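Listed below, chain by chain, are the residues.
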Amino acid sequence: MEIRLDGKTALVTGGSRGIGLAIASAYAEAGAKVMIASRKADALERAAAEIGNGCGWVVANTGDPEAADAAVAATIERFGSLDVLVNNAAANPYAGPTIDVDLGRWDKTLLVNLTAPLVWTQLAWRHWMQHHGGAVINISSVGALKTSEQLGVYGITKAALLHMTEQLAAELGPGVRVNAICPGLIKTDFARALWEGERGLEVAQGYPLKRLGEPDDIAGAALYLAADTGSWITGQQLVLDGGGLVGFPED
Ligand SMILES: NC(=O)c1ccc[n+]([C@@H]2O[C@H](COP(=O)([O-])OP(=O)(O)OC[C@H]3O[C@@H](n4cnc5c(N)ncnc54)[C@H](OP(=O)(O)O)[C@@H]3O)[C@@H](O)[C@H]2O)c1
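Values in this document were obtained by computation on a predicted structure and should not be read as measured data.

Cut-offs applied
- Residues numbered from 1 in each chain as written.
- Predicted model: local features only at pLDDT ≥ 70, side-chain atom pairs only at ≥ 80, totals over all residues.
- Heavy atoms only, no water.
- Near = heavy atom within 4 Å.
- Polar contact = N/O pair within 3.5 Å; in protein donor to acceptor, adjacent residues only side chain to side chain.
- Areas by Shrake-Rupley, 256 points an atom, 1.4 Å probe, with all protein chains shown as cover.
- Helix = DSSP H or I, 4+ residues; strand = E, 2+ residues; numbered from the N terminus.
- Salt bridge = Lys/Arg side-chain N within 4 Å of Asp/Glu carboxyl O.
- Buried < 20%, exposed > 50% of the residue type's maximum accessible area, 1.4 Å probe, protein only.
- Pairing = 2+ DSSP bridges.
- Patch = residues over 30% accessible without salt bridge, like charges linked within 9 Å, V, L, I, M, F, W, Y side chains within 5 Å.
- Core = buried A, V, L, I, M, F, W, Y, C linked by side-chain atoms within 4.5 Å.
- Contact = heavy atoms within 4.5 Å.
- Expected span 1.5 Å × (residues − 1).
- Arc of directions from axis to C-beta.

*Asks:* Explain the site of the ligand here, please?
*Replies:* Neighbouring the ligand are 29 residues; S16, R39, N88, Y154 and T188 lie closest to it. Taking K158, its side chain carries an N or O atom lying 2.9 Å from an oxygen atom of the ligand. Burial of the ligand by the protein amounts to 96% of the accessible area it has alone, namely 880 Å². Elements with a contribution of two residues or more to the shell around the ligand: α1 (18-29) and α5 (152-172).

The following block contains the structure:
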């Protein structure tokens, strides 16, 4: 079965590289008109050319509500609709015990990882999906599902994003579906410190599937959830982690 998005428009935050770029590319290949958003124009321009199919781009820091409003408006103006929103951009400015985090970095993590997905979803709902339907996909993390010595603050925001996914799924049905994806360790810039060198090999050994993830591993699932294949799925979290969560703990 071929999964298609012909006639649909998708807006992907953080679409200039990594998982967002892979999702945007998969959507464009499936026939969707795609708009990507991130903070740097040159990276967006390059990514849009790579994605093809008339991909548009808009500079927006997801944590800035005015930029979010402009990005949603630009998408609808350019392509005439907004059927799929992928809240993918995230921040992880702090590593260390949660008990020691300073409020500046706590606020920034919450703003980008939780408040922004809410604001972008509100805008998509108000300007299009409320009357025409749609699908929202929130990129969370396996970090939402367990504690962590270093990444507790990030995990807390990603756990809250999962609850928000369920809450909005309950509120926005039947027209709008809201789902989340929880990736394990994926080889992108964002997680480079966690996978480069020996450390990545060790993590991969702990995964039943014995390899780390690639952005395309996430893109296929994001396509499935966005398209008609996902038409009876809402409020769910799909864990894509090479089996990491069910792997044997180290003895
Ligand atoms: N990689 C992993 O192992 C992993 C695991 C679990 C979950 N995730 C999640 O997957 C998602 C994508 O991560 P990734 O690994 O693909 O990261 P990445 O390769 O670093 O890409 C991040 C993208 O988001 C954009 N971005 C960052 N902050 C932004 C902001 N405030 N406003 C707008 N755009 C912003 C970046 O562009 P600019 O910097 O130019 O703005 C870039 O396009 C995130 O939600 C992350 O939490 C990743």
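Structure shown, so let's carry the discussion forward.
*Asks:* What am I meant to see in the pattern of salt bridges here?
*Replies:* Oppositely charged side chains are able to pair whenever their charged atoms sit close together. For the structure shown, the criterion picks out eight salt bridges. A salt bridge links R4 to E2, with the nearest nitrogen and oxygen atoms 3.4 Å apart. A salt bridge links K187 to E214, with the nearest nitrogen and oxygen atoms 3.7 Å apart. Of this pair, K187 sits in the loop between β6 (176-183) and α6 (192-195) while E214 is found in the loop between α7 (198-206) and α8 (215-226), placing the two residues 27 residues apart along the sequence. Linked by salt bridges that have partners in common, R17, D189, R192 and E196 make up one network.

*Asks:* Teacher, can you tell me more about the pairing of strand β1 (residues 9-13) here?
*Replies:* Successive residues of a regular strand alternate their side chains across the two faces of the sheet. Within β1, five of the five residues are buried, which leaves it mostly tucked inside the rest of the structure. Side chains T9, L11 and T13 of β1 all project onto a buried face; the interleaved residues A10 and V12 project onto the opposite face, where all are buried too. Relative to strand β2 (residues 33-38), β1 runs parallel, the two being bridged by five bridges. The partner of L11 across the bridge, within β2, is M35.

*Asks:* Whenever I open this one, a nonpolar patch on the surface confuses me. Can you help?
*Replies:* Judged by side-chain polarity, L145, V239, L245 and V246 come together as a nonpolar surface patch covering roughly 320 Å² of accessible area. Along the chain, L245 turns up in the segment after β7 (237-240).

*Asks:* What is the right way to look at the nonpolar core in this model?
*Replies:* Side chains of nonpolar character tend, in soluble globular proteins, to be buried together. One finds I23, Y27, V34 and I36 to be the most contacted residues of the largest nonpolar core, which totals 35 residues. Where this core is concerned, the elements lending two or more residues are β1, α1, β2, α2 (41-51), β4 (84-87), β5 (134-139) and α8. The element that contributes the greatest number of residues to this core is α1, accounting for eight residues. Each residue touching I36, except ones within four places of it in the same chain, is listed here: V12, G15, A24, L44, A47, A48, I51, C55, G56, W57 and V58. Formed by 29 residues, the second largest nonpolar core is a distinct cluster that contains M35, F79, A116 and W128.

*Asks:* Explanation requested: helix α3 (residues 65-79) in the structure shown.
*Replies:* Every α-helix carries 3.6 residues per turn, so stepping three or four residues along brings you back to the same face. The end-to-end C-alpha separation of α3 is 21 Å, in line with the 21 Å expected for 15 residues at 1.5 Å each. Within α3 the residues assigned to the buried category are A67, A68, A71, V72, T75, I76 and F79. One side of α3 holds all its buried residues, which, seen down the axis, span an arc of 165°. Along α3, the residues that are exposed and aim more than 90 degrees away from the buried face are E66 and E77. Its buried side turned inward, α3 meets β1, β2, β3 (56-59) and α4 (103-132). N-cap assignment for α3: the residue whose side-chain oxygen lies 2.9 Å from the backbone N of E66 is D64. G80, located one to two residues past α3, shows a positive phi value of around 85°.

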